[in-house]
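An overview of the molecular structure
So you can see what is in the structure, the chains are spelled out below.
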Amino acid sequence: MLLETFTRKKPTDEMFSAEINLRQWVSTSLPNKTMEIVDDGLLRMQNGSDMVTSQSILLAILELGLECTSDIPVERSAIKKVLV
């Protein structure tokens, strides 16, 4: 859900195929293209907000989304850890 919410893409989006899925797309885009994959609606800066701070927060959220969707179940974070 984090990846879908912050990228505004669904796993069934036309851009994804047998070659690449949402998780892989996000994974290959981080950290250098974080701002390119995040939904534009989330990037509106108000009151002179610090873009670097915003980018680091978005990067952390997307990395958490990747961690929670690991292909190998034992590599996924426990929900109690995620909530913290």
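Keep in mind that this is a model prediction, so the values were computed, not measured. (Residues numbered from 1 in each chain as written. Predicted model: local features only at pLDDT ≥ 70, side-chain atom pairs only at ≥ 80, totals over all residues. Heavy atoms only, no water.)

Bringing the overall build of the protein into the picture now. Per the secondary structure count, the protein includes five helices and zero strands. Traced from its N-terminal end to its C-terminal end, the protein shows the element sequence α-α-α-α-α. When burial is assessed residue by residue, the protein has 29% of its 84 residues classed as buried. Considering only contacts within the protein whose residues lie at least 6 apart along the sequence, 49% involve residues at least 24 apart. (Helix = DSSP H or I, 4+ residues; strand = E, 2+ residues; numbered from the N terminus. Buried < 20%, exposed > 50% of the residue type's maximum accessible area, 1.4 Å probe, protein only. Contact = heavy atoms within 4.5 Å.)

Further remarks concern the side chain of T34. Within the secondary structure, T34 is located in helix α3 (residues 34-37). A polar atom in the side chain of T34 sits 2.9 Å from the backbone oxygen of P31. Among all residues touching T34, those that are not within four sequence positions of it are S29, Q55, L58, L59 and L62. (Polar contact = N/O pair within 3.5 Å; in protein donor to acceptor, adjacent residues only side chain to side chain.)

Now for the environment of V38. Considering the arrangement of structural elements, one finds V38 in the loop between α3 and α4 (51-68). Sequence separation between V38 and V26 is 12 residues; the distance between their C-alpha atoms is 9.4 Å. Each residue touching V38, except ones within four places of it in the same chain, is listed here: F6, T7, L43, L58 and L62.

Attention shifts here to the side chain of S70. Mapped onto the fold, S70 is located in the loop between α4 and α5 (79-83). Of note is the side chain of S70, whose polar atom sits 3.1 Å from the side chain of E75. If sequence neighbours within four positions are ignored, S70 has contacts with R23, E75 and R76.

Time to look at helix α2 (residues 22-29). The set of residues buried in α2 consists of L22, W25, V26 and S29. Summarising the axial view, the buried residues of α2 lie within an arc of 95 degrees, below the 170-degree limit, and thus occupy one face. Of the residues flanking the start of α2, the one acting as N-cap is N21, its side-chain oxygen 3.1 Å from the backbone nitrogen of R23. (Arc of directions from axis to C-beta.)

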